Amino acid sequence: IGAVGDVPARLDALAGLILGAASVNAVVVLDGPATGKAAHRAIELAPEVAGYVLAGHAGAGRGFDPVFDIGLGTGDGAGAAVILPFVVRAASL
């Protein structure tokens, strides 16, 4: 994977996690620019992954429509925390 401080390697690792989650039909909530970039990498490898990613807020990056656009964009997990109950409820329907 590369050195611990290697940003491209970190994004590749996140992309791998996203690919793995999608392979078992798990939804991935994007919550910041790094997860958004990793999702783009995963989608390049397997376009069907796009159906498994949700942007928690506008800070997830270009190409993803946020579930809620309430001014978050810090990448600290706040967007994921806000939408997670809705994702769980929708999955139970």
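Residues numbered from 1 in each chain as written. Predicted model: local features only at pLDDT ≥ 70, side-chain atom pairs only at ≥ 80, totals over all residues. Heavy atoms only, no water.

### Focus on the overall build of the chain
Logical step 1: Assigned secondary structure in the chain consists of 3 helices and 2 strands.
Logical step 2: Along the chain direction, N to C, the helices and strands of the chain fall in the order α-β-α-β-α.
Logical step 3: Split into buried and exposed, the 93 residues of the chain put 29% on the buried side.
Logical step 4: Accessible surface for the chain amounts to roughly 5600 Å². Of this, 63% is attributable to carbon and sulfur atoms. (Helix = DSSP H or I, 4+ residues; strand = E, 2+ residues; numbered from the N terminus. Buried < 20%, exposed > 50% of the residue type's maximum accessible area, 1.4 Å probe, protein only. Areas by Shrake-Rupley, 256 points an atom, 1.4 Å probe, with all protein chains shown as cover.)

### Observations concerning a nonpolar patch on the surface
Logical step 1: A surface patch of nonpolar side chains, about 200 Å² in accessible area, is lined by Val27, Leu54 and Val67.
Logical step 2: Inspection of the secondary structure assignment puts valine 27 in the loop between helix H1 (7–23) and strand S1 (28–30).
Logical step 3: On the basis of relative accessible area, valine 27 is assigned to the partly exposed category, the value being 43%. (Patch = residues over 30% accessible without salt bridge, like charges linked within 9 Å, V, L, I, M, F, W, Y side chains within 5 Å. Salt bridge = Lys/Arg side-chain N within 4 Å of Asp/Glu carboxyl O.)

### With respect to the pattern of salt bridges
Logical step 1: On inspection of all chains with the given rule, the structure shows 1 salt bridge.
Logical step 2: The partner of aspartate 12 in a salt bridge is arginine 41, and the shortest N-O contact between them spans 2.4 Å. Of the two residues, aspartate 12 sits in helix H1 while arginine 41 sits in helix H2 (residues 33–45), which places them 29 residues apart along the sequence.
Logical step 3: Assessed through its relative accessible area of 44%, aspartate 12 is described here as partly exposed.
Logical step 4: Judged by its relative accessible area of 28%, arginine 41 is partly exposed.

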